[in-house]
Amino acid sequence: MIREVKLTGSTWNETPWKFEAGTMNIADTIAFGTAIDYVEKIGFDAIAEHSRELVLETMRLLGEIPGVRIYGPPAEERGGIVAFTLDDVHAHDVATVLDHEGVAVRAGHHCAMPLHTKLGVAATTRASFYVYNLLSDVTALAEGVRKAKHLFRR
Amino acid sequence: MSLDDFYRQTILDHYQNPRNWGTLENPDITANDANPLCGDEIRVDLKIKDDRVEAVRFSGKGCSISRAAASMLSEAVEGKTLDEVKQINRDDVLDMLGIELGPVRLKCALLALKTLKVGVYGVQQHWPGEEDDE
(Lines give C-alpha, C1' and ligand atoms only; values in the text may rest on other atoms or scores of the structure.)
Protein backbone atom coordinates (compact mmCIF):
# COMPACT_ATOMS: atom_id res chain seq x y z
CA MET A 1 0.00 0.00 0.00
CA ILE A 2 1.19 3.50 -0.69
CA ARG A 3 2.11 6.24 1.76
CA GLU A 4 1.92 9.15 -0.65
CA VAL A 5 0.94 9.52 -4.31
CA LYS A 6 2.05 12.50 -6.37
CA LEU A 7 1.94 13.18 -10.11
CA THR A 8 5.71 12.73 -10.25
CA GLY A 9 6.03 9.58 -8.11
CA SER A 10 4.85 7.55 -5.10
CA THR A 11 6.27 6.32 -1.81
CA TRP A 12 5.31 2.93 -0.29
CA ASN A 13 4.17 2.19 3.21
CA GLU A 14 6.42 0.24 5.61
CA THR A 15 6.18 -3.54 5.70
CA PRO A 16 4.01 -5.39 6.47
CA TRP A 17 1.39 -2.80 5.52
CA LYS A 18 3.08 -2.31 2.14
CA PHE A 19 1.97 -5.86 1.21
CA GLU A 20 -1.42 -5.86 2.91
CA ALA A 21 -3.63 -3.61 0.86
CA GLY A 22 -7.39 -3.91 1.26
CA THR A 23 -9.38 -5.92 3.74
CA MET A 24 -7.57 -8.80 5.42
CA ASN A 25 -8.93 -12.32 4.79
CA ILE A 26 -10.87 -12.18 8.05
CA ALA A 27 -13.47 -14.85 7.25
CA ASP A 28 -10.85 -17.49 6.45
CA THR A 29 -8.81 -16.60 9.53
CA ILE A 30 -11.85 -17.10 11.76
CA ALA A 31 -12.75 -20.33 9.92
CA PHE A 32 -9.21 -21.60 10.43
CA GLY A 33 -9.51 -20.99 14.16
CA THR A 34 -12.83 -22.85 14.23
CA ALA A 35 -11.24 -25.76 12.34
CA ILE A 36 -8.43 -25.93 14.91
CA ASP A 37 -10.99 -25.87 17.76
CA TYR A 38 -12.88 -28.74 16.07
CA VAL A 39 -9.77 -30.92 15.73
CA GLU A 40 -8.61 -30.18 19.30
CA LYS A 41 -12.07 -30.99 20.67
CA ILE A 42 -11.90 -34.44 19.09
CA GLY A 43 -8.27 -34.78 20.22
CA PHE A 44 -5.21 -35.97 18.34
CA ASP A 45 -5.03 -39.23 20.29
CA ALA A 46 -8.65 -40.05 19.44
CA ILE A 47 -8.02 -39.24 15.76
CA ALA A 48 -4.92 -41.45 15.69
CA GLU A 49 -6.75 -44.28 17.46
CA HIS A 50 -9.73 -44.06 15.08
CA SER A 51 -7.46 -44.01 12.02
CA ARG A 52 -5.49 -47.01 13.33
CA GLU A 53 -8.69 -49.00 13.84
CA LEU A 54 -9.79 -48.32 10.26
CA VAL A 55 -6.33 -49.05 8.83
CA LEU A 56 -6.11 -52.35 10.76
CA GLU A 57 -9.49 -53.44 9.45
CA THR A 58 -8.59 -52.35 5.91
CA MET A 59 -5.37 -54.33 5.96
CA ARG A 60 -7.20 -57.34 7.38
CA LEU A 61 -10.04 -57.29 4.81
CA LEU A 62 -7.89 -56.43 1.78
CA GLY A 63 -5.31 -58.98 2.93
CA GLU A 64 -7.98 -61.71 2.56
CA ILE A 65 -8.41 -60.92 -1.15
CA PRO A 66 -6.03 -62.96 -3.33
CA GLY A 67 -4.05 -60.70 -5.65
CA VAL A 68 -4.11 -57.67 -3.36
CA ARG A 69 -0.70 -56.37 -2.39
CA ILE A 70 -0.45 -53.71 0.30
CA TYR A 71 2.51 -51.34 0.35
CA GLY A 72 4.18 -49.75 3.33
CA PRO A 73 4.80 -50.53 7.01
CA PRO A 74 2.63 -52.49 9.50
CA ALA A 75 -0.63 -50.87 10.61
CA GLU A 76 0.84 -49.63 13.95
CA GLU A 77 3.44 -47.56 12.09
CA ARG A 78 1.08 -45.89 9.62
CA GLY A 79 -1.05 -42.81 9.37
CA GLY A 80 -4.54 -43.21 8.02
CA ILE A 81 -3.63 -44.40 4.53
CA VAL A 82 -3.37 -47.74 2.74
CA ALA A 83 -1.92 -48.02 -0.78
CA PHE A 84 -2.39 -51.27 -2.67
CA THR A 85 -2.46 -53.00 -6.05
CA LEU A 86 -4.82 -55.69 -7.32
CA ASP A 87 -3.18 -58.28 -9.58
CA ASP A 88 -2.34 -56.50 -12.84
CA VAL A 89 -5.55 -54.46 -12.82
CA HIS A 90 -4.61 -50.83 -13.33
CA ALA A 91 -5.16 -48.51 -10.36
CA HIS A 92 -7.42 -46.27 -12.44
CA ASP A 93 -9.67 -49.21 -13.25
CA VAL A 94 -9.84 -50.15 -9.56
CA ALA A 95 -10.63 -46.53 -8.71
CA THR A 96 -13.37 -46.32 -11.35
CA VAL A 97 -15.09 -49.42 -9.96
CA LEU A 98 -14.78 -48.11 -6.40
CA ASP A 99 -16.14 -44.75 -7.53
CA HIS A 100 -19.26 -46.48 -8.85
CA GLU A 101 -19.59 -48.18 -5.45
CA GLY A 102 -19.53 -44.80 -3.72
CA VAL A 103 -15.96 -45.21 -2.45
CA ALA A 104 -13.63 -42.32 -3.29
CA VAL A 105 -9.93 -43.20 -3.47
CA ARG A 106 -6.87 -41.77 -5.13
CA ALA A 107 -5.14 -43.66 -7.94
CA GLY A 108 -1.80 -42.98 -9.57
CA HIS A 109 1.68 -42.08 -8.33
CA HIS A 110 0.54 -39.94 -5.39
CA CYS A 111 3.36 -37.48 -6.21
CA ALA A 112 5.89 -40.28 -5.57
CA MET A 113 6.82 -41.53 -9.02
CA PRO A 114 10.40 -42.58 -8.11
CA LEU A 115 9.01 -44.79 -5.33
CA HIS A 116 6.56 -46.47 -7.72
CA THR A 117 9.40 -47.02 -10.18
CA LYS A 118 11.46 -48.62 -7.41
CA LEU A 119 8.51 -50.79 -6.37
CA GLY A 120 8.06 -51.80 -10.01
CA VAL A 121 4.38 -50.86 -10.22
CA ALA A 122 2.72 -48.52 -12.72
CA ALA A 123 0.44 -47.00 -10.10
CA THR A 124 -1.28 -47.81 -6.81
CA THR A 125 -4.77 -47.29 -5.44
CA ARG A 126 -4.82 -45.47 -2.11
CA ALA A 127 -7.53 -45.26 0.52
CA SER A 128 -7.28 -42.44 3.08
CA PHE A 129 -9.20 -42.27 6.35
CA TYR A 130 -10.16 -39.54 8.73
CA VAL A 131 -12.50 -38.96 11.65
CA TYR A 132 -15.64 -39.00 9.52
CA ASN A 133 -14.93 -42.47 8.09
CA LEU A 134 -16.63 -45.54 9.56
CA LEU A 135 -15.89 -49.25 9.61
CA SER A 136 -18.73 -49.63 7.10
CA ASP A 137 -16.63 -47.56 4.67
CA VAL A 138 -13.86 -50.13 4.99
CA THR A 139 -16.34 -52.93 4.27
CA ALA A 140 -17.57 -51.06 1.19
CA LEU A 141 -13.96 -50.59 0.06
CA ALA A 142 -13.20 -54.31 0.36
CA GLU A 143 -16.43 -55.24 -1.44
CA GLY A 144 -15.57 -52.81 -4.22
CA VAL A 145 -12.10 -54.31 -4.62
CA ARG A 146 -13.66 -57.78 -4.86
CA LYS A 147 -16.02 -56.44 -7.50
CA ALA A 148 -13.08 -55.00 -9.48
CA LYS A 149 -11.29 -58.34 -9.22
CA HIS A 150 -14.34 -60.12 -10.57
CA LEU A 151 -14.92 -57.59 -13.37
CA PHE A 152 -11.33 -57.71 -14.61
CA ARG A 153 -10.73 -61.44 -14.17
CA ARG A 154 -8.67 -62.75 -17.02
CA MET B 1 -23.45 -44.07 -16.56
CA SER B 2 -23.56 -47.40 -14.70
CA LEU B 3 -20.50 -49.54 -14.17
CA ASP B 4 -21.75 -52.16 -16.63
CA ASP B 5 -22.28 -49.47 -19.27
CA PHE B 6 -18.81 -48.04 -18.69
CA TYR B 7 -17.03 -51.37 -18.73
CA ARG B 8 -19.29 -52.69 -21.46
CA GLN B 9 -18.69 -56.17 -22.80
CA THR B 10 -16.76 -55.11 -25.92
CA ILE B 11 -14.32 -53.06 -23.86
CA LEU B 12 -13.70 -55.91 -21.42
CA ASP B 13 -13.33 -58.30 -24.35
CA HIS B 14 -10.69 -56.12 -26.00
CA TYR B 15 -8.99 -55.67 -22.62
CA GLN B 16 -8.92 -59.37 -21.84
CA ASN B 17 -8.10 -60.48 -25.39
CA PRO B 18 -6.37 -57.54 -27.03
CA ARG B 19 -6.15 -57.86 -30.83
CA ASN B 20 -2.81 -57.42 -32.56
CA TRP B 21 -1.00 -57.36 -29.22
CA GLY B 22 2.77 -57.75 -29.26
CA THR B 23 5.65 -56.50 -31.38
CA LEU B 24 6.82 -56.96 -34.98
CA GLU B 25 10.26 -57.97 -36.14
CA ASN B 26 11.85 -55.25 -38.25
CA PRO B 27 8.86 -52.91 -38.27
CA ASP B 28 8.86 -50.10 -40.86
CA ILE B 29 7.49 -47.71 -38.27
CA THR B 30 7.77 -47.93 -34.51
CA ALA B 31 6.80 -45.38 -31.90
CA ASN B 32 6.65 -45.19 -28.12
CA ASP B 33 4.66 -42.93 -25.89
CA ALA B 34 3.60 -42.76 -22.29
CA ASN B 35 1.00 -41.15 -20.12
CA PRO B 36 3.13 -40.03 -17.16
CA LEU B 37 0.09 -39.35 -14.99
CA CYS B 38 -1.11 -42.98 -15.14
CA GLY B 39 2.20 -44.71 -15.71
CA ASP B 40 0.81 -46.10 -18.97
CA GLU B 41 3.34 -46.95 -21.66
CA ILE B 42 2.54 -48.00 -25.18
CA ARG B 43 4.45 -48.98 -28.26
CA VAL B 44 3.14 -49.40 -31.78
CA ASP B 45 4.86 -51.29 -34.61
CA LEU B 46 3.72 -51.01 -38.22
CA LYS B 47 4.64 -53.00 -41.29
CA ILE B 48 3.96 -50.97 -44.41
CA LYS B 49 3.56 -52.42 -47.89
CA ASP B 50 2.60 -50.33 -50.94
CA ASP B 51 1.77 -47.43 -48.61
CA ARG B 52 -0.72 -49.60 -46.71
CA VAL B 53 -0.65 -50.97 -43.18
CA GLU B 54 0.11 -54.64 -43.69
CA ALA B 55 0.50 -55.44 -40.01
CA VAL B 56 0.14 -53.56 -36.74
CA ARG B 57 1.05 -54.48 -33.17
CA PHE B 58 0.53 -52.64 -29.94
CA SER B 59 2.35 -53.50 -26.72
CA GLY B 60 2.99 -51.97 -23.33
CA LYS B 61 1.15 -51.59 -20.06
CA GLY B 62 -1.94 -49.68 -19.24
CA CYS B 63 -5.45 -49.67 -17.91
CA SER B 64 -8.42 -51.39 -19.51
CA ILE B 65 -9.46 -48.28 -21.43
CA SER B 66 -6.04 -47.62 -22.96
CA ARG B 67 -5.55 -51.28 -23.87
CA ALA B 68 -9.06 -51.66 -25.31
CA ALA B 69 -8.62 -48.47 -27.34
CA ALA B 70 -5.31 -49.77 -28.75
CA SER B 71 -6.90 -53.10 -29.62
CA MET B 72 -9.89 -51.48 -31.37
CA LEU B 73 -7.63 -49.03 -33.16
CA SER B 74 -5.39 -51.82 -34.41
CA GLU B 75 -8.37 -53.45 -36.11
CA ALA B 76 -9.31 -50.11 -37.66
CA VAL B 77 -5.92 -49.37 -39.20
CA GLU B 78 -5.22 -52.79 -40.71
CA GLY B 79 -5.19 -52.47 -44.50
CA LYS B 80 -5.57 -48.70 -44.47
CA THR B 81 -3.24 -46.34 -46.36
CA LEU B 82 -1.02 -44.08 -44.30
CA ASP B 83 -3.11 -41.11 -45.42
CA GLU B 84 -6.24 -42.83 -44.17
CA VAL B 85 -4.53 -43.59 -40.86
CA LYS B 86 -3.67 -39.90 -40.54
CA GLN B 87 -7.37 -39.05 -40.93
CA ILE B 88 -8.38 -41.05 -37.85
CA ASN B 89 -9.19 -38.61 -35.06
CA ARG B 90 -10.14 -38.67 -31.42
CA ASP B 91 -13.87 -38.81 -32.14
CA ASP B 92 -13.33 -42.00 -34.16
CA VAL B 93 -11.61 -43.60 -31.17
CA LEU B 94 -14.31 -42.40 -28.76
CA ASP B 95 -16.96 -43.81 -31.14
CA MET B 96 -15.17 -47.18 -31.09
CA LEU B 97 -15.14 -47.20 -27.29
CA GLY B 98 -18.72 -45.93 -27.17
CA ILE B 99 -18.58 -44.54 -23.63
CA GLU B 100 -18.45 -41.15 -21.98
CA LEU B 101 -15.04 -40.33 -20.51
CA GLY B 102 -13.87 -37.71 -18.05
CA PRO B 103 -10.64 -35.78 -18.63
CA VAL B 104 -8.39 -38.33 -16.86
CA ARG B 105 -9.73 -41.38 -18.68
CA LEU B 106 -9.80 -39.46 -21.98
CA LYS B 107 -6.00 -39.53 -21.94
CA CYS B 108 -6.13 -43.31 -21.44
CA ALA B 109 -8.46 -43.61 -24.42
CA LEU B 110 -6.32 -41.49 -26.74
CA LEU B 111 -2.83 -42.75 -25.83
CA ALA B 112 -2.85 -45.41 -28.56
CA LEU B 113 -3.99 -42.93 -31.22
CA LYS B 114 -1.41 -40.40 -30.07
CA THR B 115 1.33 -43.03 -30.29
CA LEU B 116 0.11 -44.13 -33.73
CA LYS B 117 0.21 -40.52 -34.93
CA VAL B 118 3.71 -40.09 -33.52
CA GLY B 119 4.65 -43.05 -35.71
CA VAL B 120 2.96 -42.10 -38.98
CA TYR B 121 3.80 -38.40 -38.77
CA GLY B 122 7.11 -38.86 -37.02
CA VAL B 123 6.29 -35.97 -34.70
CA GLN B 124 5.19 -35.49 -31.12
CA GLN B 125 1.46 -34.77 -30.73
CA HIS B 126 -0.27 -32.82 -28.00
CA TRP B 127 -2.73 -34.05 -25.43
CA PRO B 128 -6.27 -32.79 -25.92
CA GLY B 129 -6.50 -29.34 -24.37
CA GLU B 130 -2.75 -28.79 -24.36
CA GLU B 131 -2.88 -26.67 -27.50
CA ASP B 132 -3.98 -23.75 -25.33
CA ASP B 133 -0.81 -23.84 -23.29
CA GLU B 134 1.47 -22.80 -26.12
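Residues numbered from 1 in each chain as written. Chains lettered and ligands numbered in written order. Predicted model: local features only at pLDDT ≥ 70, side-chain atom pairs only at ≥ 80, totals over all residues. Heavy atoms only, no water.

1. Thoughts on the side chain of A:Thr96
Along the polypeptide, A:Thr96 turns up in helix α3 (residues 91-100). Side-chain polar atoms of A:Thr96 contact the backbone oxygen of A:His92, separated by 2.8 Å. Discounting residues that sit within four places of it in the chain, A:Thr96 has contacts with B:Leu3, B:Phe6, B:Tyr7 and B:Arg105. (Helix = DSSP H or I, 4+ residues; strand = E, 2+ residues; numbered from the N terminus. Polar contact = N/O pair within 3.5 Å; in protein donor to acceptor, adjacent residues only side chain to side chain. Contact = heavy atoms within 4.5 Å.)

2. Overview of the pairing of strand β2 (residues 40-49) of chain B
All names here are of chain B. Relative to β2, strand β1 (residues 29-35) runs antiparallel, the two sharing 7 bridges. Pairing of Asp33 across the sheet is with Ile42, part of β2. Hairpin connection from β1 to β2: 4 residues lie between these consecutive antiparallel strands, with Gly39 at a positive phi of about 85 degrees. Of the strand pairs in this sheet, β2 and strand β3 (residues 52-61) are connected by 9 bridges, and their pairing is antiparallel. (Pairing = 2+ DSSP bridges.)

3. With respect to a negative patch on the surface
Where like charges cluster on the molecular surface, the negative patch consists of B:Asp50, B:Asp51, B:Asp83 and B:Glu84. Here B:Asp50 is to be found in the loop between β2 and β3. (Patch = residues over 30% accessible without salt bridge, like charges linked within 9 Å, V, L, I, M, F, W, Y side chains within 5 Å. Areas by Shrake-Rupley, 256 points an atom, 1.4 Å probe, with all protein chains shown as cover. Salt bridge = Lys/Arg side-chain N within 4 Å of Asp/Glu carboxyl O. Lys, Arg positive; Asp, Glu negative; His and termini not counted. Charge placed at Lys NZ, Arg CZ, Asp CG, Glu CD.)

4. Comments concerning the packing of aromatic side chains
Going through the model one piece at a time under the given rule, you end up with 4 aromatic pairs over all chains. Aromatic side chains A:Tyr130 and A:Tyr132 sit 5.4 Å apart centroid to centroid with 70 degrees between the ring planes, which places their arrangement in the edge-to-face category. A:Tyr132 sits in the exposed class, given a relative accessible area of 61%. With centroids separated by 4.9 Å and ring planes inclined at 90 degrees, the aromatic side chains of B:Phe6 and B:Tyr7 adopt a geometry described as edge-to-face. (Phe/Tyr/Trp six-rings, centres within 6.5 Å; stacked < 30°, edge-to-face > 60°. Buried < 20%, exposed > 50% of the residue type's maximum accessible area, 1.4 Å probe, protein only.)

5. Observations concerning the interface of chain B and chain A
Listed by partner, the interface residues are 22 residues for chain B and 17 residues for chain A. For the pairing of chain B and chain A, the buried interface totals around 1500 Å² over both sides, and the portion due to carbon and sulfur atoms is 57%. Here chain B is connected to chain A by 1 salt bridge. Salt-bridge contacts for B:Arg105 lead to A:Asp93; the nearest nitrogen and oxygen are separated by 2.8 Å. Where chain B meets chain A, there are 7 residue pairs in polar contact (both at pLDDT 80 or more). For the side of chain B that touches chain A, the secondary structure elements donating two or more residues are α1 (3-6), α2 (9-16), α3 (64-77) and α6 (103-121) of chain B. (Buried area = accessible area lost by both parts, 1.4 Å probe.)

6. Let's talk about empty space enclosed by the protein
Residue and element names in this part refer to chain B. Counted by the stated rule, this structure contains 1 cavity of 30 Å³ or more. Computed from the structure, the largest cavity encloses a volume of approximately 40 Å³. Lining the largest cavity, in full, are Trp21, Glu41, Ile42, Gly60, Lys61, Gly62, Ser66, Arg67 and Leu111. At the level of secondary structure, the elements contributing two or more residues to the lining of the largest cavity comprise β2, β3 and α3. Looking at the lining of the largest cavity residue by residue, the classes come out as 3 nonpolar, 3 polar and 3 charged. (1 Å grid on protein atoms, 1.4 Å probe; cavity = no way out; pocket = protein on both sides within 12 Å on 5 of 7 lines; lining within 4 Å. Points joined across faces, edges and corners; volume = space filled by probe spheres on them. Nonpolar A, V, L, I, M, F, W, Y, C, P; charged D, E, K, R; others polar.)

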